[in-house]
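# Chain and residue survey
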Amino acid sequence: MLRSRIIRRCLASNVQSSHFIRKPQFDIKFIVDNLPKYEHSIKSRELVSEKELLGKLQLLPTQVAELKELNKNINDIQRRRNSLELDIKKNKSKLMELLPEIKSLKERFQSVTLVINDITERVEETTSALPNLLNENSPLNGVPEVVHWINKPSTEPKPDEERSHVEIMKMKNMIDLQSASNTTGTSSYYLLNEGAQLEMALTNYAVDIARKHGFQFVIPPSLARLGVIDACGFRPRDMNGEKQIYAIEGQDVGLVATAEITLAALGFNNTIEFDDSSSKKVVGLSRCYRAEAGARGKDTKGLYRVHEFSKVEMFCWSTPESSNKLLESLKDIQIELFTNLGLYAKVINMPTNDLGNPAFNKYDIEAWMPGRGSFGEISSTSNCTDYQSRRLNTKYKSEDGKLNFVHTVNGTAMAVPRVILAIVENFYNKETNMIEIPEPLIPYMGGKKYI
């Protein structure tokens, strides 16, 4: 029902998996005309492949010029072949006379076509690897810019190891890490009793807030084709020295790192119908899987870095003119969510070297976590402009009737384990040995005010 309301099927999808994702549709002329901007984006992101990608980018104008000339040659060959075939059709006696030239033209056609295919493949490889351009407002010095404080106290709180969520939750029988380690391995957990109730409360709270803001609720799959994952900017291959995605051996699918991937795929090969609005908004609840979760250090114990978790994700399609404003509105929803929960947090305009390839710009929200003794990320929101839509072939019809690529904007509504961590560490009272439940969650906890 949702798909029929918000999107219209424009291409048949009964294709074999190896050809499931069409080649991305890039504006090569725009890229060539804006080489300095793409060079700036590559360097500012500090990509591992920076040197190689910059080298390929510099070859692009020459390759495009070569393709233009080769295609002109192909057209000349084709016109000559058509002329000769017309002559033969008019006078069959010329067949033997013209046959050598026809044969030569055929060989030239095949030879030039091979060169065109080779250069085209290299051009596509380069353009597919390019990151998005950058918003000029994203910090360039590698230092995040705090743009807003949430529930900032009058005096700065201090680290407190006695507020470790692991110890508190184990004491209250809210978590079992040992059984999870035996069952699954490191960076896993069982939520028990009020721990499990908190997860349900947080997901329901986040979904209800998103729906209040006009989002349609979706429960998407947790598996996606590797081509879809790659098109969204989450490469199944190793990236920057770490593996992001759990790929299923022997199959063309992987476990998603975020519902952003499968929500974006709702627009695959589709034309978005905006009706009277400039955007379409969905909110999805899913399990998420991160292969790189088990980094060494203090985050290996507890809920901060885990391989599998629940997350509520907001995802939007918009006209290009509206995507920046839409990003700000998602950030405002996130601020509302965490302000109401009473968490002390900061909203950060993220620097360019912290942006993934799809992001034009990104905000993170980091909450104070006294047991960890630091702020920790609990949400992010990004404007991906047309990075994903060009790879997923997601378009909209503009007022002039032309089909153009949409912009996509995504934002975390609730990364459940980290918010549980923040609630436990901030609202645990050592004197009473109780955890105060944030007021918005009380109705979702059966009226319970304390754990």
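Data block above holds the structure.
Residues numbered from 1 in each chain as written. Predicted model: local features only at pLDDT ≥ 70, side-chain atom pairs only at ≥ 80, totals over all residues. Heavy atoms only, no water.

To continue, consider the overall build of the protein. Counting its secondary structure elements, the protein contains 13 helices and 19 strands. Along the longest, intermediate and shortest principal axes, the C-alpha atoms of the protein span 105 × 45 × 45 Å. Here the protein, with 451 residues, has 50% of them falling under the buried criterion. In the protein, the share of contacts with a sequence separation of at least 24, taken over all contacts with a separation of at least 6, comes to 75%. With the model as given, the accessible surface of the protein reaches about 22400 Å², and the carbon-plus-sulfur share is 49%. Positive and negative side-chain charges of the protein, numbering 59 and 57 respectively, have mean locations separated by a distance of 5 Å. (Helix = DSSP H or I, 4+ residues; strand = E, 2+ residues; numbered from the N terminus. Buried < 20%, exposed > 50% of the residue type's maximum accessible area, 1.4 Å probe, protein only. Contact = heavy atoms within 4.5 Å. Areas by Shrake-Rupley, 256 points an atom, 1.4 Å probe, with all protein chains shown as cover. Lys, Arg positive; Asp, Glu negative; His and termini not counted. Charge placed at Lys NZ, Arg CZ, Asp CG, Glu CD.)

Residues F338 and M414 are the most contacted members of the largest nonpolar core, which totals 61 residues. The contact partners of F338, leaving out residues within four places of it in the chain, are I150, N151, L343, I365, I378, S379, A413, M414 and V419. (Core = buried A, V, L, I, M, F, W, Y, C linked by side-chain atoms within 4.5 Å.)

On to the sheet that holds strand β8 (residues 253–255), then. Strand pairing in a sheet relies on backbone hydrogen bonds, with the paired strands running either antiparallel or parallel. With antiparallel pairing, the 3 strands of this open sheet are ordered in space as β6-β8-β7. Whereas interior strands pair on both sides, the edge strands pair on one side only; in this sheet they are β6 (223–225) and β7 (246–247). Of the pairings in the sheet, the one linking β7 to β8 comprises 2 bridges and is antiparallel in character. Opposite Y246, over in β8, you have L255 as the bridge partner. (Pairing = 2+ DSSP bridges.)

Here we take up helix α4 (residues 50–90). Helix length check: α4, at 41 residues, gives a terminal C-alpha distance of 59 Å against a target of 60 Å (1.5 Å per residue), a fit within 8%. The largest bend in α4 amounts to roughly 35 degrees and is located at L60, with the proline P61 lying one to four residues further along. (Expected span 1.5 Å × (residues − 1). Bend = angle between axes of the 7 residues up to and from the residue.)

Below, the discussion takes up the pattern of salt bridges. Pairs may arise between side chains of opposite charge once their charged atoms sit close together. What the rule picks out here adds up to 21 salt bridges. A salt bridge links E167 to K301, with the nearest nitrogen and oxygen atoms 3.6 Å apart. Taken together, the residues E167 in helix α6 (residues 165–171) and K301 in the loop between β10 (279–289) and β11 (308–318) connect sequence positions 134 residues apart. Since its relative accessible area comes to 41%, E167 is described here as partly exposed. Look at K301 and you get partly exposed, because its relative accessible area is 47%. Of the charged contacts, one joins D354 and K362 as a salt bridge, the two residues approaching to 3.5 Å between their closest N and O atoms. (Salt bridge = Lys/Arg side-chain N within 4 Å of Asp/Glu carboxyl O.)

Turning to the packing of helix α8 (residues 194–212) against helix α11 (residues 323–340), a few remarks are in order. Across the interface, α8 lies against α11 with an axial gap of 11 Å and an inter-helix angle of 140 degrees. In terms of their interaxial angle, α8 and α11 are classed as oblique. Here the hand of the crossing between α8 and α11 comes out right-handed. Residues Y205, A206, I209 and K212 of α8 lie in contact with α11, whose contacting residues are I333, E336, L337 and N340. (Axes fitted to C-alpha atoms, helices over the stretch in contact; angles between N-to-C directions. Parallel < 35°, antiparallel > 145°, perpendicular 65-115°, else oblique. Left-handed = near helix turned anticlockwise from the far one by under 90°.)

Take the packing of aromatic side chains next. For the structure shown, the criterion picks out 6 aromatic pairs. The side chain of R81 reaches across the aromatic face of F109, ending 5.5 Å from its centre. (Phe/Tyr/Trp six-rings, centres within 6.5 Å; stacked < 30°, edge-to-face > 60°. Lys NZ or Arg CZ within 6 Å of the ring centre and 35° of its normal.)

By the secondary structure assignment, P153 is in the loop between β2 (145–150) and α6. Judged by its relative accessible area of 31%, P153 is partly exposed. Between the C-alpha atoms of P153 and T113, which are 40 residues apart in sequence, the distance is 68 Å.

On to a nonpolar patch on the surface, then. Residues L95, M96 and L99 make up a contiguous nonpolar surface patch of roughly 290 Å² in combined accessible area. Note that L95 resides in helix α5 (residues 95–129). Look at L95 and you get partly exposed, because its relative accessible area is 35%. (Patch = residues over 30% accessible without salt bridge, like charges linked within 9 Å, V, L, I, M, F, W, Y side chains within 5 Å.)

Taking strand neighbours across the sheet as the criterion, the 8 strands line up as β2-β12-β13-β14-β17-β11-β10-β5 in an open arrangement whose pairing is mixed. In this open sheet, the two edge strands, each paired with only one partner strand, are β2 and β5 (216–218). Adjacent strand axes in the sheet meet at a mean angle of 25 degrees, parallel and antiparallel pairs treated alike. The strands that helix α13 (residues 416–427) touches are β11, β13 (361–369), β14 (374–383) and β17 (407–415); relative to β17, the one it contacts most, it runs at about 40 degrees.

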